[in-house]
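Results of the structural survey
Listed below are the residues making up each chain.
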Amino acid sequence: MALTLTLSLPSKTSHPKLVGKEIQYGTAGFRTLADDLDFVMYRMGLLAVLRSKCTKAVIGIMITASHNPLQDNGVKLVDPHGEMLDQKWEKLATDIVNVGDGQLESVLLDIIRSESIEISEPGKVFVGRDTRPSGVALLNSAIDGIKDLHGELRDFGIVTTPMLHYFVDESNKGNEAWVSSYFAKLTKAFKHFCGEISISGAYSPKIVFDGANGVGAIKMGMLASFLDKDFLEVEIHNGGEGILNFECGADFVKVQQKLPKGLEGIKPGEKGVSVDGDADRIVYFYLDDSHVFHLLDGDKIASLVAGYINELLQECKLKLNLGVVQTAYANGASTKYITENLKIPVDCVSTGVKYLHHKALERDIGVYFEANGHGTVVFSKAALEVIEKASVDQSLLPSERLAAAKLNSLLQISNPAVGDALSDILLVESVLRSKHWGLKEWEVAYTDLPNRLLKVKVEDKNNVQTTDAGRRCTAPAGLQEEIDKLVKSYPSGRSFVRSSGTEDAVRIYAESDTQRNADELATKVAIKVYQMAGGVGEAPSPPSV
Ligand code: G16
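As the structure is a prediction and not an experimental result, all values here were calculated from the model.

**Topic: a nonpolar patch on the surface**
Where nonpolar side chains cluster on the molecular surface, the patch consists of L70, I243 and F246 and spans about 260 Å² of accessible area. Turning to its location among the elements, I243 is positioned in the loop between β7 (233-237) and α8 (249-256). Overall, the relative accessible area of 48% leaves I243 in the partly exposed class.

**Let's talk about the nonpolar core**
In terms of nonpolar packing, the biggest core is built from 80 residues, with F167, Y284, I309, I365, V367, L411 and W442 touching the most fellow members. Beyond its immediate sequence surroundings of up to four residues, L411 is in contact with I309, I365, V377, F379, L384 and I387. Residues V19, L47, A93 and V99 belong to the second largest nonpolar core, which totals 45 residues.

**Things to note about the packing of helix α1 (residues 38-55) against helix α2 (residues 87-98)**
Interhelical geometry of α1 versus α2 gives an angle of 140° and a closest axis separation of 10 Å. If you check the angle between α1 and α2, you find them oblique. Viewed along their axes, α1 and α2 form a crossing whose handedness is right-handed. Between α1, through F39, V40, R43, M44, L47, L50, R51 and C54, and α2, the contact on the second element is made entirely by W89, A93, I96 and V97. Its residues assigned to classes, the contact of α1 with α2 shows ten nonpolar, no polar and two charged.

**Concerning the packing of aromatic side chains**
A complete count under the given rule lists 16 aromatic pairs for this structure. Relative to F30, the ring of Y25 has its centre 5.2 Å away and its plane inclined at 80°; by these criteria the two rings are edge-to-face. Three or more aromatic residues joined by ring pairs make a cluster, and in this case those are F126, F156, Y166, F167, Y182, F183 and F226. Residue placement shows R154 over the ring face of F126; its charged tip is 5.3 Å from the ring centre. Directly above the aromatic system of Y446 lies the positively charged group of K300, at a separation of 3.7 Å from the ring centroid.

**A short note on the side chain of H15**
Here H15 lies in the segment before β1 (30-33). You can call H15 buried: its relative accessible area is 6%. Among the polar contacts made by the side chain of H15, one reaches the side chain of D144 at a distance of 2.7 Å. Once residues lying within four places of it in the same chain are set aside, the contact partners of H15 are D38, F39, Y42, D101, S141 and D144.

**What about the pairing of strand β19 (residues 506-511)?**
In terms of residue burial, β19 counts as a mostly covered element, since six of its six residues are buried. Of the two faces of β19, the one holding V506, I508 and A510 and the one holding R507, Y509 and E511 are both buried throughout. Note: strand β15 (residues 451-456) against β19, six bridges, orientation antiparallel. Bridging from a neighbouring strand, N451 pairs with E511 of β19. Of the strand pairs in this sheet, strand β18 (residues 494-499) and β19 are connected by six bridges, and their pairing is antiparallel. When the sheet's bridge partners are listed, S495 is paired in β19 with A510. Joining the antiparallel neighbours β18 and β19 is a turn of six residues.

**Examining the site of the ligand**
Surrounding the ligand, one finds 20 residues, the nearest of these being T27, H67, E370, S500 and T502. The separation between an oxygen atom of the ligand and a polar side-chain atom of H67 is 2.5 Å. Here R281 contributes a side-chain N or O atom positioned 2.9 Å from an oxygen atom of the ligand. When grouped by side-chain class, the residues that make up the shell around the ligand number two nonpolar, ten polar and eight charged.

**Structural notes on α1**
A rise of 1.5 Å per residue sets the reference length of α1, with its 18 residues, at 26 Å; its end C-alpha atoms lie 26 Å apart and thus fit the reference within 8%. Counting buried residues along α1, 15 of its 18 residues qualify, which places the element largely inside the surrounding structure.

**Focus on the pairing of strand β12 (residues 346-349)**
Taken together, the four bridges between strand β11 (residues 322-327) and β12 define a ladder with parallel strand orientation. Within β12, the position partnered with V324 by the bridge is V346. Between the parallel pair β11 and β12, the chain is carried across by helix α10 (residues 332-341), and the sense of this crossover is right-handed.

**With respect to the sheet that holds strand β14 (residues 375-379)**
Pairing is mixed in the open sheet, where four strands are placed in the order β12-β11-β13-β14. Each edge of the sheet is formed by a strand with only one pairing partner; in this case those strands are β12 and β14. Direction aside, the axes of adjacent strands within the sheet are offset by 20° on average. The sheet contact formed by strand β13 (residues 365-369) and β14 spans five bridges and is antiparallel. Among the inter-strand pairings, I365 is bridged to a residue of β14, identified as F379. Along the sheet, helix α9 (residues 298-316) makes contact with β11, β13 and β14, crossing β13 at roughly 165°.

**Section: the domain arrangement of the protein chain**
As far as domains go, the protein chain holds domain 1 (3-177), domain 2 (182-187 + 194-297), domain 3 (299-420) and domain 4 (451-532). The C-alpha-based centres of domain 1 and domain 3 are spaced at 32 Å. Of the roughly 920 Å² buried at the junction of domain 1 and domain 3 (both faces included), carbon and sulfur atoms supply 63%. Looking only at domain 1, the three residues that lose the most surface to domain 3 are T27, M84 and P162, adding up to 46% of its buried area. On the surface where domain 1 and domain 3 come into contact, there are one salt bridge. Linking K354 and E90 is a salt bridge whose minimum nitrogen-to-oxygen distance equals 2.9 Å. Across the domain 1-domain 3 interface, the total number found is three residue pairs in polar contact (both at pLDDT 80 or more). At the level of elements, α2 and α5 (161-172) are the ones that each hand at least two residues to the side of domain 1 that touches domain 3. For the side of domain 1 that touches domain 3, the element with the highest residue contribution is α5, accounting for four residues.

**As for the pattern of salt bridges**
Proximity of charged atoms lets side chains of opposite charge pair with each other. On inspection of all chains with the given rule, the structure shows 33 salt bridges. As a salt-bridge pair, E105 and K12 come within 3.1 Å of each other at their nearest N and O atoms. Within this pair, whereas E105 is found in helix α3 (residues 104-114), its partner K12 is found in the segment before β1, the two being separated by 93 residues in sequence. Under the relative-accessibility criterion, K12 is labelled buried at 15%. Put simply, E482 and K528 hold a salt bridge, and the shortest N to O gap is 3.6 Å. Of the two residues, E482 sits in helix α16 (residues 479-488) while K528 sits in helix α17 (residues 515-532), which places them 46 residues apart along the sequence. Judged by its relative accessible area of 22%, E482 falls in the partly exposed class. Through salt bridges with shared partners, a single network forms among D169, E170 and K173.

Basis of the calculations
Residues numbered from 1 in each chain as written. Predicted model: local features only at pLDDT ≥ 70, side-chain atom pairs only at ≥ 80, totals over all residues. Heavy atoms only, no water. Patch = residues over 30% accessible without salt bridge, like charges linked within 9 Å, V, L, I, M, F, W, Y side chains within 5 Å. Areas by Shrake-Rupley, 256 points an atom, 1.4 Å probe, with all protein chains shown as cover. Salt bridge = Lys/Arg side-chain N within 4 Å of Asp/Glu carboxyl O. Helix = DSSP H or I, 4+ residues; strand = E, 2+ residues; numbered from the N terminus. Buried < 20%, exposed > 50% of the residue type's maximum accessible area, 1.4 Å probe, protein only. Core = buried A, V, L, I, M, F, W, Y, C linked by side-chain atoms within 4.5 Å. Contact = heavy atoms within 4.5 Å. Axes fitted to C-alpha atoms, helices over the stretch in contact; angles between N-to-C directions. Parallel < 35°, antiparallel > 145°, perpendicular 65-115°, else oblique. Left-handed = near helix turned anticlockwise from the far one by under 90°. Nonpolar A, V, L, I, M, F, W, Y, C, P; charged D, E, K, R; others polar. Phe/Tyr/Trp six-rings, centres within 6.5 Å; stacked < 30°, edge-to-face > 60°. Lys NZ or Arg CZ within 6 Å of the ring centre and 35° of its normal. Polar contact = N/O pair within 3.5 Å; in protein donor to acceptor, adjacent residues only side chain to side chain. Pairing = 2+ DSSP bridges. Near = heavy atom within 4 Å. Expected span 1.5 Å × (residues − 1). Right-handed = clockwise from strand over helix to strand, strands pointing away. Domains from an automatic or database assignment. Buried area = accessible area lost by both parts, 1.4 Å probe.

Structure below.
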């Protein structure tokens with residue numbers, strides 16, 4: 001029977017498409033200048049309702065540009081289990097955003113037909129935003145879209161990105177989805193894990209926290225209020241008084257490999273922790289006695305957490321399949337340590353939590369972290385049942401039951417929906433406390449190969465195309481061969497380039513035996529990108545040697 005459905009979109013004329021250039025659903029949704037996003041938000045409101053009707057589940061809309069500068073904003077859709085939007089729908093999102101106003105209804109009708117959506121189904125959408133001032137108007141645009149397709153709305157206000165993912169997941173499981181229930185769940189599990197473990201050795205429960213002047217600072221304050229200082233003592237800096245992500249936050253600290261603004265007074269040995277603008281990434285750092293800066297990034301977190309889970313699995317003698325997932329940005333030394341010393345298999349996937357998350361789900365217990373500090377621990381329902389059973393199995397030795405019980409409560413601390421800076425802090429602190437370690441004891445497991453991350457602006461970042469999880473460049477022609485030649489002349493050299501999916505730039509990564517060599521290799525590769533891929537603005541400065 002032919003579909004005679006028509007759509008009326010009363011708010012459409014209030015959100016005209018003013019931007020001509022094509023934009024794509026990137027690594028984590030649409031992300032660009034906030035001024036260009038009004039129609040995108042409206043259309044994502046429409047799409048979220050369709051996705052909800054299609055999946056018969058709550059869908060999330062998070063308005064954030066995460067680590068990007070204040071003037072940017074963005075939007076990502078959250079799927080029913082709290083995971084990133086299905087890739088087929090990413091394509092639909094791109095289609096819907098790039099059609100002219102005149103074709104919008106027909107494209108929506110095409111989606112309704114092709115996805116066999118029953119339009120009378122309810123559409124339920126949860127929305128949240130970070131602290132960017134532009135978020136208020138953009139949220140209203142998304143709400144117009146939701147209302148135009150008669151969707152039901154629940155607005156969580158200012159929340160971290162992982163909180164919104166968590167609320168969507170919990171709600172679809174039929175559980176409570178409240179801010180207070182999120183904090184209660186995380187802190188209960190943390191207290192349960194740490195309750196029996198005394199503070200001793202090099203461990204201190206104090207962290208010096210860099211909130212990137214964003215939502216992470218607000219929510220860290222709330223989290224800390226659920227915990228006594230014996231569990232976690234938090235000294236909050238960059239709580240919103242300065243500019244979001246400006247010279248602070250996890251991305252700044254990771255890329256610049258130095259202290260964030262506002263934490264200059266941190267004492268040698270104190271634990272520094274930075275989150276990014278929407279609190280889905282963390283990195284740890286400290287100054288040694290000579291005031292030299294040390295970074296413990298997502299690779300270090302993966303090795304710490306996976307190593308500890310492995311120990312517990314061995315202690316309770318459970319044969320569960322544990323694996324780590326990384327991307328090409330993982331430091332070569334971390335991959336070697338995890339595979340050769342910890343003997344845990346490592347998979348390498350393309351950049352983007354969406355890829356890591358799905359790969360990690362293939363294991364009984366999957367630990368995934370990007371080097372930039374984005375990650376979590378995921379586990380199957382069956383694995384959790386096996387662990388729970390072992391924790392009370394009287395036929396096991398008490399030490400075996402205890403290890404299973406510890407593993408059980410450790411897994412409750414993670415946010416299984418997505419990488420979450422707040423739950424990751426509790427996860428890391430749990431392991432450090434259990435091992436009576438400070439950051440130095442954690443850091444010594446392996447030494448990072450010196451590395452450098454650079455960015456180059458080009459006329460069109462689509463000029464750079466890659467394959468093999470972003471490790472080999474297929475366009476422009478000849479660029480990969482040039483990179484290969486450069487890499488060969490550096491001991492332990494490795495370098496790759498790829499277009500960012502969140503910024504208008506091409507990223508360059510290089511590592512080598514010394515910092516000087518890593519810097520030199522990265523700069524030479526950046527110059528090649530600039531020359532061969534249509535660089536704009538100032539050319540990267542040639543290395544001084
Ligand atoms: C997002 C993604 C991450 C990714 C990062 C950078 O993080 O969620 O998985 O690593 O972008 O991606 P790209 O190199 O493509 O710019 P966030 O924290 O910015 O949302």
